[in-house]
Amino acid sequence: MHVYGPVGSYPVASTRAFDVPDALPATLRHLHDALGVDRLVLVQPSGYGTDNRRHLDAIADMGRPARVIAALRADVADIELDRMHEAGVRGVRYNIGHAGAVPLSEMPVLAARIARLGWHVQLHVMDDQGRAPLAEIESTLRELPTDVVIDHMGSLRPGDGLGQAGFQALLRLVNTGRCWVKLSCGYRMSALSPPYEDMVAYVQALLAARSDRLVWASDWPHVSFKGSMPNTTDLLDQMLTWVPDERQREQIFVRNPETLYGF
């Protein structure tokens with residue numbers, strides 16, 4: 001998930017694609033108390049560019065173990081990488097389709113530098129042009145010296161079927177054992193209401209491939225979304241439909257994140 005604001009203390013990047021209201025750590029902490037979330041991962045959003053202060057500062061306000069996924073340029077100093085690791089950073093995020101995103105061409109360079117820390121590369125695909133970005137860069141992702149985490153199930157289109165090129169590339173990557181997938185953002189992809197049953201076939205295919213490489217994410221506070229806004233409780237409850245097996249849900253909610261984020 002992400003936090004935002006107050007803007008006077010944490011100004012947004014000039015390259016941002018959208019504005020967001022404050023989504024403060026205190027609000028997120030209250031939500032997690034209600035949901036019973038004991039540990040969390042704060043992900044640097046595109047709106048802050050490579051200024052990671054908002055999320056690094058939020059760790060102290062959360063009152064529970066937290067990790068951060070940062071956005072960095074490839075020329076970041078080693079001493080800064082070490083400082084961030086001590087602070088709780090465990091990965092670097094790239095975006096396809098976001099204004100002002102760090103160039104994807106830097107990804108192999110920085111991946112080679114963060115491998116020594118055990119960090120991973122996280123990739124958010126946002127493409128509305130009918131392309132299959134994951135399939136296009138599959139070979140690049142395979143060659144990285146780090147694990148890879150794919151946001152939001154690759155932002156697949158449920159109506160395009162299990163055979164769509166992007167999803168098949170995702171399955172191949174997961175089967176390498178070095179790729180993880182976030183079961184999240186069904187509300188952005190599905191044409192249905194919660195629990196987004198048109199996503200079940202895709203989740204089941206991922207479970208059949210590597211259930212030990214899946215994690216859940218809420219994507220709170222659901223910014224830049226013009227559809228029917230879900231309750232975060234719905235996004236938690238959907239997992240009863242997506243993953244009916246209780247042992248697999250425990251794996252996805254608890255054991256897999258322990259491995260991935262080093263909790």
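Residues numbered from 1 in each chain as written. Predicted model: local features only at pLDDT ≥ 70, side-chain atom pairs only at ≥ 80, totals over all residues. Heavy atoms only, no water.

Asker: Looking at this model, I keep getting lost on the packing of aromatic side chains. Mind explaining?
Answerer: The description of an aromatic ring pair rests on the distance of the ring centres and on the angle between the ring planes. Per the counting criterion, the structure on display carries five aromatic pairs. With a centroid separation of 4.8 Å and an interplanar angle of 85°, the aromatic rings of Tyr-187 and Phe-225 are classed as edge-to-face. Residue Tyr-187 is located in helix α8 (residues 186-189), and its partner Phe-225 is located in the loop between β7 (214-216) and α10 (232-237); the two are separated by 38 residues in the primary sequence. In this arrangement the basic side chain of Arg-213 is found over the ring face of Trp-180, its NZ or CZ atom lying 4.3 Å from the centre. (Phe/Tyr/Trp six-rings, centres within 6.5 Å; stacked < 30°, edge-to-face > 60°. Helix = DSSP H or I, 4+ residues; strand = E, 2+ residues; numbered from the N terminus. Lys NZ or Arg CZ within 6 Å of the ring centre and 35° of its normal.)

Asker: Whenever I open this one, helix α3 (residues 78-87) confuses me. Can you help?
Answerer: One turn of the α-helix equals 3.6 residues, which is why residues spaced by three or four share an orientation. Within α3, the full set of buried residues consists of Leu-81, Met-84 and His-85. Summarising the axial view, the buried residues of α3 lie within an arc of 105°, below the 170-degree limit, and thus occupy one face. Away from its buried face by more than 90 degrees, α3 exposes Ile-79 and Glu-86. Buried residues in α3 make contact with α2 (53-62), β3 (89-96) and α4 (107-114). Within two residues after α3, Gly-88 carries a phi angle of roughly 125°, on the positive side. (Buried < 20%, exposed > 50% of the residue type's maximum accessible area, 1.4 Å probe, protein only. Arc of directions from axis to C-beta. Contact = heavy atoms within 4.5 Å.)

Asker: Which parts of the structure should I look at to understand the pattern of salt bridges?
Answerer: A side chain with one charge may pair with a side chain of the opposite charge, provided their charged atoms come close. This model, assessed by the stated rule, comprises 18 salt bridges. With its nearest N and O atoms 2.4 Å apart, the salt bridge here joins Arg-73 to Glu-106. Residue Arg-73 is located in the loop between β2 (66-70) and α3, and its partner Glu-106 is located in the loop between β3 and α4; the two are separated by 33 residues in the primary sequence. Arg-73 sits in the partly exposed class, given a relative accessible area of 39%. Accessibility expressed as a relative area gives 15% for Glu-106, which makes it buried. (Salt bridge = Lys/Arg side-chain N within 4 Å of Asp/Glu carboxyl O.)

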